[in-house]
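Structural characterization, general
Single-letter residue listing:
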Amino acid sequence: MFRDKESRFLEAGLLAAVPICVAITALIALLTLARI
């Protein structure tokens, strides 16, 4: 049970971290392009 819950939390964290990282990279790219 504990392992299943931990794996679910880890999967949820990874799924939530992917779009956040993409958004951060997109913001950085837009800022760099705006400076140029």
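Not measured: the values here are computed from a predicted model.

**Points about the overall build of the protein chain**
In terms of regular secondary structure, the protein chain is built from one helix and zero strands. Residue burial in the protein chain is summarised as follows: out of 36 residues, 0% are buried. For the protein chain, the accessible surface area stands at approximately 3,700 Å², while carbon and sulfur atoms represent 75% of it.

**Examining the UniProt feature "transmembrane region" (unreviewed entry) in the protein chain**
When the UniProt feature table is mapped onto this chain numbering, "transmembrane region" (unreviewed entry) sits at residues 12-34. In residues 12-34, the share of helix is 100% and the share of strand is 0%. The end C-alpha atoms are 33 Å apart.

**Describing a nonpolar patch on the surface**
On the surface, Ile20, Ile24 and Ile28 cluster together into a nonpolar patch covering about 280 Å² of accessible area. Among the secondary structure elements, Ile20 is positioned in helix 1 (residues 2-35). Ile20 gets classed as partly exposed once you look at its relative accessible area, which sits at 49%.

**Focus on the environment of Ala23**
With respect to the helices and strands, Ala23 occurs in helix 1. Distance in space between the C-alpha atoms of Ala23 and Arg8 is 23 Å, their sequence separation being 15 residues.

What counts as what
- Going along each chain's sequence as written, the residues are numbered from 1 onward.
- Local features in this predicted model are restricted to residues whose pLDDT is 70 or higher, and side-chain atom pairs enter the listing and the counts only when it is 80 or higher, whereas totals over whole chains, interfaces and linings include all residues.
- No hydrogens and no water enter the side-chain calculation; it runs on all heavy atoms of the structure.
- Numbered from the N terminus, helices here are DSSP runs of H or I no shorter than four residues, and strands are runs of E no shorter than two.
- For every residue, the accessible area (1.4 Å probe, protein chains only) is compared with the maximum for its type, and the residue is labelled buried under 20%, exposed over 50%, or partly exposed between those bounds.
- Here the Shrake-Rupley method, with its probe set to 1.4 Å, supplies the accessible areas, and only the displayed protein chains count as covering residues.
- UniProt positions are given in the numbering used here, feature names are shortened, and annotations may be inferred rather than shown by experiment.
- What makes a patch is a set of residues exposed beyond 30% relative accessible area and free of salt bridges, joined within 9 Å when like-charged and within 5 Å when nonpolar (Val, Leu, Ile, Met, Phe, Trp, Tyr).
- Definition used for salt bridges: Asp or Glu carboxyl oxygen within 4 Å of a side-chain nitrogen of Lys or Arg.

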